[in-house]
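Report on the structure
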Amino acid sequence: MRTIIHTPHILFKGFIITLLLLTQVAAQAQELDQDARFRHAKLLYQKNAYVAARLEFAKITAKVYREDVDYFIASCAVRAGQDDGEYLIQKFVEDYPYNHYAKSAYVDLGNYYFDRGEYQEAIRSYEKNQNNTSPELMFKKGYAFFSTGENNKAMASFAQLDNSFTSYEKDAAYFQGYILYHGGKIKQSYEYLERGFESEEFGVSAFELYMSALYSTKQYKELIRMVDDRGTAKTSQMIVNFYADAHYALGKYNKASDEYTKLFNAYSRSRNEVNYYKAGYSNYKLGNTKLAEEQLKRSAVADDTVGAYASYYLGVLYLQTANIPFTITSFENTTKYDTRLKEDAYYQLTKALMQVPNYSRVIEVVDEYADQFPNGKYKDLSGEMLSMAYALTDNYDLAINYIESRDVLTTQMKRTYQRVSFLKAMSLFNDKKFELAIEVFKKSLIHNLDRSITQNAYYWTGESLAVLERDEEALFYYRSVTNDGSEIYKKSLYGKGYAYFNMKEYEDAKVSFEAFEKNYTKDLNAKYISDVYMRLGDCNFALKNYSKGITYYKQAEQAGDKRLGEIYFQIGLLNRYIDKDAEATRYFKKLIAEVPNSPKLDHAHFQIAKIEFEQGDMTEAIESYRKFMFKFPSSPHVPFALLDQAVAYDNKGNTASSITNYKEILDRFPRHETANSALLGLQQKSNQGEFKDFETYLSRYKSANPNSEALENIEFETAQAHYYNQQYTLAISGLQDFIKTYKKSSLVVTAKYLIADSYYRIDEYDKSLSQFYEIEQEKDFSKYSKVLHRIATIEAEKGNVVVSNVYFHEMMNASTSSKNMIQAATGLMENFYRVDQYDSAIYYGTALLSNARTSVLVEANANLIVGKSQYHLENYEDALVYLLPLVGNSPDERGAEAYLYISKIYYLYQDYEKALESLFILTNNFKNYEYWQSEAFLLMADIYIDTDEVFQAKATLNSLITHSTIDEIKFRAESKLKKISEENNENN
């Protein structure tokens, strides 16, 4: 084997060669890595991943890519919305002015903004490249100016495309024509729009605008010629629309009708009120009544003059078919708008109303006509109809206004005025519009021709004022009822007694109640006398005639008054005043045992404990107060119990418990009248070194009871005045500002209540409810019961009956006021009826009827609901007991509904004669209540069918279908009519 020996020189040379080779390979590898990274970055850029692409470009350091990399980094920054984008583009152009990207960088940037609709930015970029005048750039630049409202600059940019013989020139011509057209230069726009016809993208739009120009300048024949020449190759909804409109404008109704039909079939969006009117009118003129009616109906829904014109011709069509209700609706709509047909519409409307007849509306319409057309062409004819309508109407308002407009009144007019004003006032009273009722009752007192009406007017004026708690004014009217031995006179004594009683003038109240007792006869409801005994007991209580008061309370019990809890409590309380604590305790315990649901239950427990406390039996008193507070934690007497119990603890040497009670009063009831005594108790303990936290409670007391500030009261009174002046929006704003300013004021709760009630009175029930819920826990608030009532009422209106009932029950537990108890019972009665719990509705309804303080309105409502509930339970005889009293005493909707249910009962008994008699009264006397009248006609039809009066049944149902505005009624009438026809077919 041959041995090779390497010398050192040869070894070093080989090392150098190897090193060079490795360096060259590394450089080639790095170059390959940079190239791949550049391709990858461009791929990200092309896929719109600009943030990632920028990061990738930033990693490329090869000099060969430096200029391109800078461009792409700048472009990525722009497209990614990064703040340095525009700066980087500008820097790129400055650094590399000869780079192939530099020439188009700003154009590229502008195009990017252009495509995004950011035209201001696009313009700014385009302006930086003044050397580029390519057609595309000029068009885009012009369009950008157009889009930003710079029309002069747009026109200048578009003008540079003139004679360029490019597609951009045709596109630009459309926009040049558009700008001129909308600038009022219609004739100048024609040349450009005609060139724009050749635009691939905007050709149709250019032709549409040209047609609009011809139509607006009334060149209808030229418009038709051009559309005919153009054919259907390039058309649109707007072109077809103008084509139909041009034929309509020329009176070529046959062609117009055909073109509108094509328009509606081809373009659903063209089916608007204007087009339907023109199509409908065209068919009206051609005698195509069915199609005209269909199209005009679609146009008449418009709340503008188009709808008015459509309504008029629709009314003419309805009149031709004797569809009077629809005729009336159509002509009424036309009278709402100022058109050339308005006067004719008034006359046609009056004639149609006379056919119904609806005399009340005739009077109103003729008055409107006379006001708007004092010298109108139908003046004499409408005057004749007006005279006839006044003679026949039973509309109280119109009769009153007519008589008041006369300079001289006959005796008969005065008699009529007294009667209709009294009836109108009673209607307002029944609708709970007491302020208005008072005004109209006073009108019925102007002419004293019917003494009975005068007596009633005085009495009911007093009742209205009493409901509004204006007792002093009510007294004048009660006293004005003369002693004629009538029922009204006796009731006036009762009302007078209550007015004095509410004013706390107990001596005068006692005299009036005693006068009622003296004049009482058994023909009056017994509830009056039992209630009078109660009030006489109260009066003597207030006048410190305690023994006499006890006597009257016992008489109330003997007279059948069901307020046993109140009676026992008052007797117990009066016995305390005459130092008969044992007898007082007996009555308090009697109340607890016999009337466990009495709202006075908590007070009775409290009085028993109070007696023990005052007798010095501290151990018993402490325990009794403990049981009382445990059983009635929300009672308004809890603060007093805590205070007495604290004193008892102190007397027993239990200082810690005494301090605990004082602290609880200040923690729970910082604004209560007992809070000051509790603070003094803690102060005493602090002075004795037995309580170390007095300063904390003193601070809390001061915070809850800040000293009154004059400005605070002024601001509150100002905001509150808005509430009482019925300026509820101003009240809300003022009271909210008050709360923000005086967050710790003792008046904040009252302010929140007034805000809540203001929202309620302007029908913003959700906001009202939210505000009332904020103060529902303020149980020591003077209007706490009203808070509960409002919450219960709103929840009931929202359909939350279960929640509503909870608050009505809470209201009963929280109040002893008869008014509040009546309101709560009314709410519960209505709620239970609403959810078909008729037994419960009857329970609360009968409780209301047995309450002497129940008003006439509430009594009527209770009779109706109890009667209807008995009806639904199939207790028909019991139902009649409650419904029959309504028919003579409720000339309102309740009376109408009562008549219907009475008729239903007679119908079920097959006593058809009585049923029809009741129904005829309903349909003749309650014309303002369409629903109940319609129900009556349906029941009449059933009776006619059962008695084989088929013709009458069909006539009744057909009339109902024709005249009713209630879909449900019409559907039921149609179903009955269909059934009659089917049965007749079977029989034949």
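Because the structure is predicted, anything quoted here is derived from the model rather than measured. (Residues numbered from 1 in each chain as written. Predicted model: local features only at pLDDT ≥ 70, side-chain atom pairs only at ≥ 80, totals over all residues. Heavy atoms only, no water.)

Brief notes about the pattern of salt bridges
Stated formally: In the sections that follow, a salt bridge refers to a side-chain nitrogen of Lys or Arg positioned within 4 Å of a carboxyl oxygen of Asp or Glu. Only runs of H or I of at least four residues qualify as helices and only runs of E of at least two qualify as strands under DSSP, and these elements are numbered from the N terminus.
For the structure shown, the criterion picks out 54 salt bridges. As a salt-bridge pair, K510 and E514 come within 3.4 Å of each other at their nearest N and O atoms. Here the residue K510 and the residue E514 both occupy positions in helix 28 (residues 506-519), the gap between them amounting to 4 residues, near one helical turn.

Quick word on the environment of D70
Put simply, the rule is: Think of it in three bands: with a 1.4 Å probe and only protein chains considered, a residue is buried below 20% of the maximum accessible area for its type, exposed above 50%, and partly exposed in between. Between two residues, a contact is recorded if the distance between any of their heavy atoms is within 4.5 Å.
Its location among the elements puts D70 in helix 3 (residues 66-79). Accessibility expressed as a relative area gives 28% for D70, which makes it partly exposed. When the C-alpha positions of D70 and F57 are compared, they lie 8.2 Å apart, and in sequence the two are 13 residues distant. Aside from chain neighbours lying at most four places away, what touches D70 is F92 and Y96.

Focus on the confidence of the model for the protein
Any region with low pLDDT has predicted coordinates that should not be read closely. The criterion, for reference: Each residue gets a pLDDT score, which is the predictor's confidence in that residue and runs from 0 to 100.
When the pLDDT values of the protein are averaged, the result is 85; 93% of them are 70 or greater. Low pLDDT (under 50) marks residues 1-12, which in the prediction has 1 contact with non-local residues, meaning those over four places away or in another chain. Considering only residues more than four positions removed or in separate chains, one finds that residues 14-30, a stretch of pLDDT under 50, has 0 contacts.

Section: the environment of G681
Mapped onto the elements, G681 comes out in helix 37 (residues 675-687). Classification of G681 as buried rests on a relative accessible area of 5%.

Details of the side chain of T461
Operational definition: We define a polar contact as two N or O atoms separated by no more than 3.5 Å, with the added condition that, inside protein, one atom must be a possible hydrogen donor and the other a possible acceptor, whereas residues neighbouring each other in sequence contribute only through side-chain atom pairs.
Mapped onto the elements of the fold, T461 is located in helix 25 (residues 451-467). In this structure the side chain of T461 is engaged in a polar contact, spanning 2.6 Å, whose partner is the backbone oxygen of A457. Setting aside its immediate chain neighbours within four residues, T461 contacts I438, F441 and Y477.

Observations concerning unusual backbone geometry
Here the phi dihedral of Q726 falls at roughly 65°; this positive angle occurs in a residue that is not glycine. You can see Q726 is positioned in the loop between helix 39 (710-724) and helix 40 (728-741). Judged by its relative accessible area of 59%, Q726 falls in the exposed class. Unlike most non-glycine residues, E874 shows phi in positive territory, near 65°. Positionally, E874 belongs in the loop between helix 47 (856-872) and helix 48 (876-889).

Quick look at helix 15 (residues 273-286)
Condition: Expected span, for any helix, means 1.5 Å times one less than how many residues it has.
Between its terminal C-alpha atoms helix 15 stretches 20 Å, which fits the 20 Å expected from 14 residues at 1.5 Å a residue. Among all positions of helix 15, only N275, Y276, Y277, K278, A279, G280, Y281, S282 and N283 are buried. Buried residues in helix 15 make contact with helix 11 (203-216), helix 13 (237-249), helix 14 (253-266), helix 16 (289-300) and helix 17 (305-320). Put simply, N272 is the residue that caps the front of helix 15, since its side-chain oxygen is 3.2 Å from the backbone nitrogen of V274. At the C-terminal side of helix 15, G287 shows a positive phi close to 85°.

Focus: the packing of helix 19 (residues 342-355) against helix 20 (residues 359-372)
Going by this rule: The convention used is that axes are lines fitted to C-alpha atoms, helices contributing only their stretch in contact, and that angles between N-to-C directions extend from 0 to 180 degrees. Should an angle fall under 35 degrees it is called roughly parallel, over 145 degrees roughly antiparallel, and 65 to 115 degrees roughly perpendicular, with every other angle called oblique. Rotating anticlockwise by less than a right angle from the far helix to the near helix defines a left-handed crossing, while the corresponding clockwise rotation defines a right-handed one. For this classification, the nonpolar set comprises Ala, Val, Leu, Ile, Met, Phe, Trp, Tyr, Cys and Pro, the charged set comprises Asp, Glu, Lys and Arg, and every other residue, Gly included, is treated as polar.
It is at 9 Å that the axes of helix 19 and helix 20 come closest, and there the two elements cross at 160°. Taken as axis vectors, helix 19 and helix 20 run roughly antiparallel relative to one another. When you trace helix 19 past helix 20, the crossing you get is left-handed. On helix 20, the residues touching K342, E343, Y346, L349, T350, L353 and M354 of helix 19 are Y359, R361, V362, V365, V366, E368, Y369 and Q372. Split by residue class, the contact of helix 19 with helix 20 holds 9 nonpolar, 2 polar and 4 charged.

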